[in-house]
There are 2 protein chains.
Amino acid sequence: METPRTDRPMNVSRYLVTRLSDAGIGHAFGVPGDYTLDFLDHLLDSPIRWVGTCNELNAGYAADGYARLRGAGLAVVTYAVGGFSVLNAVAGAYAENVPLLVVSGAPSGRVRAAGALVHHLVGDFLLQADVFRRFTAATAFLSDAATAPAEIDRVLSAALAARLPGYIEIPMDLARTPCAAPGPLPSFVPPASDPAALAEAVAEAVERIDRAKSPVVLVGVEALRFGLAPAVLALVERIELPFATTTSSKAALPELHPQYVGLYQGVLSRPEVRRQVEESDCVLALGVKMTDWDTGMFTMGIDPSRMIRAGVRDVAIRSHTYPAVNLGDLVGALSAALTPRRYEESHPRQAVRPPAPVVPCAEAPLTAESFFRRLATFLDDSMTVVSDVSDVLCGASDLHVQEADRFLCQAYYCSIGWSVPAALGAALARPERRPVVLVGDGAFQMTAQEVSTLMREKTRAIVFVLDNDGYLIERLLHDDAAYNDVQRWRYAALPAVFGDGAVSFRVTTEGELEAALDAARVETEKVVFVHLALSGREPSAGLARLCAAYREKLAGRRG
Amino acid sequence: METPRTDRPMNVSRYLVTRLSDAGIGHAFGVPGDYTLDFLDHLLDSPIRWVGTCNELNAGYAADGYARLRGAGLAVVTYAVGGFSVLNAVAGAYAENVPLLVVSGAPSGRVRAAGALVHHLVGDFLLQADVFRRFTAATAFLSDAATAPAEIDRVLSAALAARLPGYIEIPMDLARTPCAAPGPLPSFVPPASDPAALAEAVAEAVERIDRAKSPVVLVGVEALRFGLAPAVLALVERIELPFATTTSSKAALPELHPQYVGLYQGVLSRPEVRRQVEESDCVLALGVKMTDWDTGMFTMGIDPSRMIRAGVRDVAIRSHTYPAVNLGDLVGALSAALTPRRYEESHPRQAVRPPAPVVPCAEAPLTAESFFRRLATFLDDSMTVVSDVSDVLCGASDLHVQEADRFLCQAYYCSIGWSVPAALGAALARPERRPVVLVGDGAFQMTAQEVSTLMREKTRAIVFVLDNDGYLIERLLHDDAAYNDVQRWRYAALPAVFGDGAVSFRVTTEGELEAALDAARVETEKVVFVHLALSGREPSAGLARLCAAYREKLAGRRG
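Because the structure is a prediction, the values reported are computed rather than measured. (Residues numbered from 1 in each chain as written. Chains lettered and ligands numbered in written order. Predicted model: local features only at pLDDT ≥ 70, side-chain atom pairs only at ≥ 80, totals over all residues.)

**A few points about the overall build of chain A**
And step 1. The number of helices and strands found in chain A is 22 helices and 19 strands.
And step 2. For a compact globule of 559 residues, the expected C-alpha radius of gyration is about 24 Å, and chain A comes in at 24 Å, within 12% of that figure.
And step 3. Over its C-alpha atoms, taken along the principal directions, chain A stretches across nearly 70 × 65 × 50 Å.
And step 4. In chain A, buried positions account for 60% of the 559 residues.
And step 5. Looking at chain A alone, contacts between residues at least 24 apart form 78% of all its contacts between residues at least 6 apart. (Helix = DSSP H or I, 4+ residues; strand = E, 2+ residues; numbered from the N terminus. Rg over C-alpha atoms; globule rule 2.2 N^0.38 Å. Buried ≥ 20, exposed ≤ 12 C-beta atoms within 10 Å, placed from the backbone. Contact = placed C-beta atoms within 7 Å.)

As structure tokens, then:
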């Protein structure tokens, strides 16, 4: 990375830009506004590249997608109109442990002191920072250049250590105020484990796992977000333990690994996965969050007394908890202390096989099911799947992905419309990878304009819009009511509105899908946009199962 | 309005729907989500019509536009992903005194008690209500059917009385829970004035105004929002006082009225308006908010000692304030107590004349200036101008509009992208009126998908996209930097993506504009979309003046 120039006098904006670079930020997503322009001038004059998005929510989603692949993402917005517009993306990042950093401009201290009613002001001058405090690991309102460097370091350290959003508000008078030069890099790592607690927890865990006949490791989303997937892989390979993942940790470990059991999600799991996990006499759950999607609508059938539940910073066994034990330390210690087994003796066959090629039936109307079956063999290692939620996530769950960085989804916060802007972030975070967006029609309409930025930034994204005529999950879940209808767009005509950097298809049959996939393979420098005009409102098998489980749950709660 | 059916058992959803109807709500804008569906089922079965929008922010903007014309607007969203997405629209309504009501679904009490990690949850279960508390007159989290009716009444009364947003969160288990039937309508009016303070304030004001040689009434945004424009008109007509308005109260009183001085905005005013207001020996300011836009970037040159400043609930004269004096009571009392004058004796000529027809020069490249000159004679009484901010608002300020309900803008909060969805709300609030949207290209890209709903709802809107190649105001204000560039869309191709209900034009010359306007006059049942591909980046005269004033101010603050 280019070192920031040292021949310019240091000021608060340059300090902030330097520290953002230190945090791994190479791109800034956002919309300019007058309160932010002084900061943006410094950002343009730095190694960080500016990527203008159509609106601020989309900037936030893009920074979220970027952060998932690069360890941190950045959205730059203007005061209030920008800040409150990006908030939902920050809320999602907070729920999902994504270090999305937000820098917002603000009126100057003089305006604040005068209480002047300047444009965008709502409530009081500190309202925006107050709100963001609820959605971030740390928040700084920079009001003094003397303390600004320490405040900036404090926010970035806290956000990166906790893998949570951070918020920095830089009033326009501070943006050009001189300040101290950056000192040594602040620590971006969490505090150390308590050695006694760690030793005790490891000893108890080792005793239980070594004694177990059929232990299984369940790898959760926190292992993924805290960058521990390689360490967990080393553990399961050294000890030769079978492992499963959840939807939100999908592909944290390779899904064609011979020890991979499959995706565990309660009653929604494949039967053999469910059996192996639920009948295990010791489930080592590493960073599993018990969310509704990951637990198959809370149908996880694992006896808690047989679980070792390791969170980011504690370990629970039976009815007691060891605090101050870091997940990374635990994984490392277990790897060293557990007795290796011979996985192949007890599990002679590979649990998961690569998908078999399908023979398309040219005239057959395309369904969600046939699309996902075909997609499974279209995907390759050069692509990153960016999946929206609802039916597309159900379908995408069944894909076999070998690396966490090749599958992004928001399986807990579930904000529809996230995928198209998140793919923008993913494309710029990893330009060598081609994003493959899976999005339903209702979700697509939320953030459709960001296809424009996918094209402007020459991302080569492949966008599949699964058009099943509205909010299908709600029709199935609840009622086929009018509120689930959406306007039926001519989706394939949309990219041409935005410019020339795309090829576009409307697909109704398996044969037409082949033509679109062939083109996608050839058009490696363009955005490829595919409107899948699905036949009827048939859900994928996964969605049908999910809705059944949800309805059952709901009936139980109401009864 | 249809009376809600009485043959169904009352429950919390039916109660809420009934009270929303009582508040004048005829349409609900929103996006469905599972936490909200039980409530929506009741809403579909009521006189309130559901209008699905592409995303929640746009639903909020639409409800804002609706509320400006109907006294209240409604957005219905799902938990968290919907709530935090609509927040920026609510912030704008809070800043601008617009009674935007938000109803949000939420997880059930059982889920809350269990602390279950259900989808969309972020932070804690009460976070959303906590955040909305900061942006509303009142907030209710319904957790008990016994108190829900009183809570609903409390929120609606407070919001409508204060002309501010209100927020009601209805967990899904409450949506079908039986509750008491609605009692008598709650009071939607503010508390009464203190009679002694009112009498004293009126006496002092009358003394000062009657004694003044050249009094002027400055009508502000609060007079407009609190429905006092008719009373103020009666006052100025009875006493024959000259009056001016501000941008945010534009057209509160008729702009071709013989006593109308013009739009006052400090140094940005026309010279004769500035002279008459600033040289007045008594300015009666009724509900004027001293915002940057309304004061011409704080260049209002009125001697405070010559002002009588009446707010919604107080009156300030020289250095003292009378609290608990309602603006409406003050206006009524002044109307009765002031000594009439003969306006025409001192002001023989009409200050403002209707615009003269312009003769288009067919081949002349279209500029912002020539567009607004032509628009002035195109508009008629059947249209409502819905103006975004920046250059379009500068241009639109010069239009002559005879009625407040025919001019909508967000001149204080200034959230770009507001106009297209707000026009949806305006169209449904007043179906007999045709919305005329004025929006710049950068602002348009923010919320462009809502043109789809303008078409779906058969609104007959006329949408003018003034394409001046990016964020022009920031180029002029600050720097012609790369962050002000936007992707240049083929805007006129967009409506055809959404369906068949529109005609569309790309206009580069005055002659092509004529053709588009002719078509708009003929196509009275369709959305008419006009891409104004302006020649270069020439600002309107108003924007050039505004930027100069802003830069001067900024230099002063930095110096």
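**Observations regarding the sheet that holds strand 18 (residues 502-507) of chain A**
Residue and element names in this part refer to chain A.
And step 1. In spatial order, the strands read 15-14-16-17-19-18; together these 6 strands make up an open sheet with parallel pairing. Unpaired on one side and paired on the other, strand 15 (407-409) and strand 18 mark the two borders of the sheet. Between one strand axis and the next, the sheet turns through 15 degrees on average, direction left out of account.
And step 2. The pairing of strand 14 (residues 383-387) with strand 15 spans 3 bridges and is parallel. Looking at strand 15, one finds that Val 385 is bridged to Phe 407. (Pairing = 2+ DSSP bridges. Axes fitted to C-alpha atoms, helices over the stretch in contact; angles between N-to-C directions.)

**Observations concerning the packing of helix 10 (residues 229-239) of chain B against helix 12 (residues 327-337) of chain B**
Residues and elements named next belong to chain B.
And step 1. One way to put it is that helix 10 packs onto helix 12 with a least axis distance of 9 Å and a crossing angle of 20 degrees. Accordingly, the angle class assigned to the pair helix 10 and helix 12 is roughly parallel. As for how helix 10 packs across helix 12, the hand of that crossing is left-handed. Of helix 12, the residues touching helix 10 (which contributes Ala 231, Val 232, Ala 234, Leu 235 and Arg 238) are Gly 328, Val 331, Gly 332, Leu 334 and Ser 335.
And step 2. Each residue belonging to the contact of helix 10 with helix 12 can be placed in one class, and the counts come to 6 nonpolar, 3 polar and 1 charged. (Parallel < 35°, antiparallel > 145°, perpendicular 65-115°, else oblique. Left-handed = near helix turned anticlockwise from the far one by under 90°. Nonpolar A, V, L, I, M, F, W, Y, C, P; charged D, E, K, R; others polar.)

**Considering the interface of chain B and chain A**
And step 1. Facing 73 residues of chain B, the contacting portion of chain A comprises 73 residues.
And step 2. Listing elements by their share of the side of chain B that touches chain A, those giving two or more residues are helix 2 (37-44), strand 2 (49-52), helix 4 (83-95), helix 6 (127-133), helix 17 (441-447), helix 18 (451-456), helix 19 (472-477) and helix 20 (494-498) of chain B.
And step 3. When grouped by side-chain class, the residues that make up the side of chain B that touches chain A number 42 nonpolar, 19 polar and 12 charged.

**Examining the relation of the copies chain B and chain A**
And step 1. With an axial shift of 0.0 Å and an RMSD of 0.0 Å, the rotation relating chain B to chain A amounts to 180 degrees. Expressed as a symmetry operation, the mapping of one chain copy onto the other fits a two-fold axis.
And step 2. A share of 100% of the interface residues of chain B reappears at the interface of chain A, consistent with the copies meeting face to face through the same patch. (Least-squares fit on C-alpha atoms with pLDDT ≥ 70 in both.)

**Regarding the environment of Ser 415 of chain A**
And step 1. Along the chain, the position of Ser 415 of chain A falls in the loop between strand 15 and helix 16 (419-429).
And step 2. Separated by 25 residues in sequence, Ser 415 of chain A and Ser 390 of chain A have C-alpha atoms that sit 9.9 Å apart.
And step 3. Discounting chain neighbours no more than four positions away, the residues touching Ser 415 of chain A are Asn 88, Gly 92 and Gln 410 of chain A together with Val 81 of chain B.

**A look at the nonpolar core**
And step 1. In this structure, Leu 218 and Leu 286 of chain B are the most contacted members of the largest nonpolar core, which totals 406 residues.
And step 2. Setting aside residues up to four positions removed in sequence, Leu 286 of chain B forms contacts with Val 217, Leu 218, Val 219, Gly 220, Ala 223, Val 232, Ala 310, Leu 327 and Val 331 of chain B. (Core = buried A, V, L, I, M, F, W, Y, C linked by C-beta atoms within 7 Å.)

**Some points on the pairing of strand 5 (residues 138-141) of chain A**
Residues and elements named next belong to chain A.
And step 1. Across the two faces of strand 5 the burial is the same, with Ala 138 and Ala 140 and Thr 139 and Phe 141 all buried.
And step 2. Bridge count for strand 5 against strand 6 (residues 166-171) is 4 bridges, and the pairing is parallel. Each residue of the ladder has a partner; that of Ala 138, found in strand 6, is Gly 166.
And step 3. For the handedness criterion, the β-α-β arrangement of strand 5, helix 7 (residues 148-162) and strand 6 is classed as right-handed. (Right-handed = clockwise from strand over helix to strand, strands pointing away.)

**A closer look at the environment of Ser 157 of chain A**
And step 1. Within the fold, Ser 157 of chain A resides in helix 7.
And step 2. What Ser 157 of chain A contacts, discounting residues up to four positions off in sequence, is Pro 186, Ser 187 and Phe 188 of chain A.

**Remarks on the domain arrangement of chain A**
And step 1. Examined at the domain level, chain A breaks down into domain 1 (12-171), domain 2 (195-346) and domain 3 (368-548).
And step 2. If you average the C-alpha positions of domain 1 of chain A and of domain 2 of chain A, the two centres end up 36 Å apart. (Domains from an automatic or database assignment.)

**Quick look at the pairing of strand 18 of chain A**
Side-chain direction in a regular strand flips from residue to residue, so the side chains alternate between the two faces of the sheet.
Residues and elements named next belong to chain A.
And step 1. Bridge count for strand 18 against strand 19 (residues 527-533) is 6 bridges, and the pairing is parallel. Residue pairing in the sheet places Val 503 in a bridge with Val 528 of strand 19.
And step 2. Remark: the strand 18/helix 21 (residues 510-522)/strand 19 crossover connection has right-handed handedness.

**Overview of the environment of Ala 28 of chain A**
Residues and elements named next belong to chain A.
And step 1. Checked against the element boundaries, Ala 28 lands in strand 1 (residues 27-30).
And step 2. Considered as a pair, Ala 28 and Val 102 are 74 residues apart in the sequence and their alpha carbons are 9.6 Å apart.
And step 3. Among residues more than four places away in sequence, those in contact with Ala 28 are Leu 43, Ile 48, Trp 50, Val 51, Leu 74 and Val 76.

**Notes on unusual backbone geometry**
And step 1. Its identity as a non-glycine residue notwithstanding, Ser 390 of chain A has a phi of 65 degrees, on the positive side.
And step 2. With respect to the helices, strands and loops of the structure, Ser 390 of chain A is situated in the loop between strand 14 and helix 15 (391-397).
And step 3. With phi around 70 degrees, Ala 251 of chain B is a residue other than glycine that occupies positive phi space.
And step 4. Mapped onto the elements, Ala 251 of chain B comes out in the loop between strand 8 (243-245) and strand 9 (260-263).
And step 5. With 22 C-beta atoms packed within 10 Å, Ala 251 of chain B lands in the buried category.

**Here's the deal with helix 2 (residues 37-44) of chain A**
And step 1. Counting buried residues in helix 2 of chain A gives 6 out of 8 residues, a clear majority hidden from the surface.
And step 2. By the burial criterion, the buried members of helix 2 of chain A are Leu 37, Asp 38, Phe 39, Leu 40, His 42 and Leu 43 of chain A.

**Regarding the sheet that holds strand 16 (residues 434-440) of chain B**
All names here are of chain B.
And step 1. Reading across from one edge, 15-14-16-17-19-18 is the order of the 6 strands in this open sheet, with parallel pairing throughout. With partners counted over all chains shown, the strands left at the sheet margins are strand 15 (407-409) and strand 18 (502-507), one partner each. Neighbour to neighbour, the strand axes of the sheet diverge by 15 degrees on average, direction disregarded.
And step 2. Pairing of strand 17 (residues 462-467) with strand 19 (residues 527-533), which is carried by 6 bridges, proceeds in the parallel orientation. Residue pairing in the sheet places Val 463 in a bridge with Phe 529 of strand 19.
And step 3. Packed onto the sheet, helix 16 (residues 419-429) meets strand 14 (383-387), strand 15, strand 16 and strand 17 and runs at close to 175 degrees relative to strand 16.
And step 4. With respect to the sheet, helix 21 (residues 510-522) is in contact with strand 17, strand 18 and strand 19, its orientation differing from that of strand 18 by roughly 165 degrees.

**Description of the confidence of the model for chain A**
Residue and element names in this part refer to chain A.
And step 1. For chain A, per-residue confidence averages 94 on the pLDDT scale, and 97% of positions sit at 70 or higher.
And step 2. Within the model, pLDDT remains below 50 along residues 1-5, and this stretch shows 8 contacts once partners closer than five positions in the same chain are excluded.
And step 3. Model confidence for the complex: the whole-complex pTM is 0.97, and ipTM, which rates the interface, is 0.96. (pLDDT = per-residue confidence, 0-100.)

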